[in-house]
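# Close look at the chain arrangement
Chain by chain, the residues run as shown.
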Amino acid sequence: MRFVRRSRGERRRRASRISGGPGTPGLPRAVTVTLACLPGAAAAAALVLCAYGVENAAGRPAGATGPTPPAFTAPRPPVQPRSVWLAGAQREQPPPRYDDKVVAVFIHHTDSPNGYDCADAPRIIRSLYEGQTAGRDWDDLGYNFVVDRCGTIYEGRAGGVDRPVTGAHTQGFNHRTTGIAALGTFTAGVEVPEEMLRSIAAVAAWKLGTSGTDPRGEVRLVSSNGGSRYAAGTTATLPALAGHSDGYMTDCPGAALHARLPEIRALAARFQGRPATAQAVPGAGRAGDDRYAVPPSPADVTAAEPRWGR
């Protein structure tokens, strides 16, 4: 039997025709050895998958991951939709506007009568809506949420409760904030219902948790309107959970409710699962009250533009 010797160059050219053979760019030697042991069809399929993996790996930085979720969040509490109170009062209005996130919450009161039956809350909210849209010619209800004396939470301004809807509740600081209105008038000496406080804290904890903001902390916001306490363009340092009067010259949310803000902040922080502070927590531990159940707290540690609303 005769053997024909081929030149070295010819052997090199012939080897290069083998797809996936040694020396194929982008494929590790271990892969090519494995492919050599596969039947033809299986080897072809493996090559496609392998090439896809190499291509995608090359396009990603080593160790790259998705966005890191906030360490402390809170569940969404039950929220009644606009349809519950709007009925047939819907007016034509422009599309909602959105911010990128919510980093602060402003607390309001609606300056409406107290002592109402909670079954009448939808009617009262509808009256507020009609007063702001028809009476003042606003485009929608200014508040993002309204909470009644029984702790029922209602969707206020349109746009979706899960989204960072730009409100019309705090002149100069509507962007990146949520407005929560307590249904009633809470001037000095007026009792603020515990159910209302707990629901306000639950909404605040949920919305601030989406940006990882501690309700007990402070945030920096840029004033968009000189009608606020700060000239337009000024960067103000404000509580992450603030009263309306912290950003605007007003008595809202009333002296009684404003005095309870430290408690609301502490409870909202606990709803987010943060270490508790030494501050009192409204309604905590009351028998039979397990709404928005507060998670077990660790050992105590030292607490480290649309049309404008009123």
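Summary of the structure given here. (Residues numbered from 1 in each chain as written. Predicted model: local features only at pLDDT ≥ 70, side-chain atom pairs only at ≥ 80, totals over all residues. Heavy atoms only, no water.)

## Quick notes on the overall build of the chain
Keep this limit in mind: Elements are defined by DSSP. Helices are runs of H or I of four residues or more, strands are runs of E of two residues or more, and each kind is numbered from the N terminus. Throughout, exposure labels follow a simple rule: accessible area from a 1.4 Å probe, protein chains only, divided by the maximum for the residue type, with under 20% read as buried, over 50% as exposed, and the rest as partly exposed. We get accessible surface area from the Shrake-Rupley algorithm with a probe of 1.4 Å; when it comes to residues, only the shown protein chains can shield them.
In terms of regular secondary structure, the chain is built from 9 helices and 7 strands. Within the chain, buried positions represent 44% of all 310 residues. Carbon and sulfur atoms form 54% of the exposed surface of the chain, whose accessible area is close to 16200 Å².

## Here we look at the packing of aromatic side chains
The geometry of an aromatic ring pair is captured by two quantities: the separation of the ring centres and the angle between the planes. This is how the line gets drawn: Pairing of aromatic side chains requires ring centres within 6.5 Å, counting the rings of Phe and Tyr and the six-membered ring of Trp. Pairs whose planes differ by under 30 degrees are stacked, by over 60 edge-to-face, and all others tilted.
As enumerated under the stated definition, the model contains 4 aromatic pairs in all. Judged by centre distance (6.0 Å) and plane angle (70°), the ring pair of phenylalanine 145 and tryptophan 206 falls under edge-to-face. Note that phenylalanine 145 is positioned in strand β2 (residues 145-147) and tryptophan 206 in helix α6 (residues 194-209), a separation of 61 residues in sequence. Judged by relative accessible area, phenylalanine 145 falls into the buried class, the value being 2%. Aromatic side chains phenylalanine 173 and tyrosine 230 sit 5.9 Å apart centroid to centroid with 85° between the ring planes, which places their arrangement in the edge-to-face category. Of this pair, phenylalanine 173 sits in the loop between β3 (153-155) and β4 (177-182) while tyrosine 230 sits in the loop between β5 (218-222) and β6 (235-239); the two residues are 57 residues apart in sequence, bridging distant segments of the chain. Relative accessible area serves as the criterion here: at 1%, phenylalanine 173 is assigned to the buried category.

## Here's the deal with the side chain of aspartate 99
How we decide: Pairs of N or O atoms within 3.5 Å make up the polar contacts considered here, provided that, within protein, one atom can donate a hydrogen while the other can accept it, and that residues adjacent in sequence are counted only when both atoms are side-chain atoms. We call two residues in contact when some of their heavy atoms are within 4.5 Å.
With respect to the helices and strands, the residue aspartate 99 is situated in the loop between α4 (83-86) and β1 (104-109). There is a polar contact of 2.9 Å between the side chain of aspartate 99 and the side chain of histidine 175. Among the polar contacts listed, one links the side chain of aspartate 99 to the backbone nitrogen of arginine 176, at a separation of 2.9 Å. What aspartate 99 contacts, discounting residues up to four positions off in sequence, is Pro164, Thr166, Asn174, His175 and Arg176.

## Observations regarding the state of the cysteines
Going by this rule: Count a disulfide wherever a pair of cysteine sulfur atoms falls within 2.5 Å.
With the rule as written, the count across this model stands at 1 disulfide. Here cysteine 118 connects covalently by a disulfide to cysteine 150, the sulfurs 2.0 Å from one another. Taking the sign of the S-S torsion, about 90° here, the bridge from cysteine 118 to cysteine 150 comes out right-handed. Of this pair, cysteine 118 sits in the loop between β1 and α5 (121-135) while cysteine 150 sits in the loop between β2 and β3; the two residues are 32 residues apart in sequence, bridging distant segments of the chain.

## So, the sheet that holds β3
Put simply, the rule is: Paired strands, as defined in this entry, are two strands with at least two bridges between them according to DSSP. A fitted line through C-alpha atoms serves as each axis, taken over the contacting stretch for helices, and the angle formed by two N-to-C directions is quoted from 0 to 180°.
Read across the open sheet, the 5 strands follow the order β3-β2-β4-β1-β7; overall the sheet is mixed. Sheet topology places β3 and β7 (241-243) at the edges, where each strand pairs with a single neighbour. Across this sheet, the average inter-strand angle for adjacent strands is 25°, counted without regard to direction. As defined by bridge partners, β2 adjoins β4 across 3 bridges and the pair is classed as parallel. Bridging from a neighbouring strand, valine 147 pairs with alanine 182 of β4.

## Remarks on the environment of phenylalanine 186
Inspection of the secondary structure assignment puts phenylalanine 186 in the loop between β4 and α6. Phenylalanine 186 gets classed as buried once you look at its relative accessible area, which sits at 3%. Residues phenylalanine 186 and proline 253, spaced 67 residues apart in sequence, show a C-alpha to C-alpha distance of 6.8 Å.

## Here we look at the pairing of β5
Side chains of β5 alternate between two faces, with Val219 and Leu221 buried and Glu218, Arg220 and Val222 left unburied. Taken together, the 5 bridges between β5 and β6 define a ladder with antiparallel strand orientation. Looking across to β6, one finds that glutamate 218 is bridged to proline 239.

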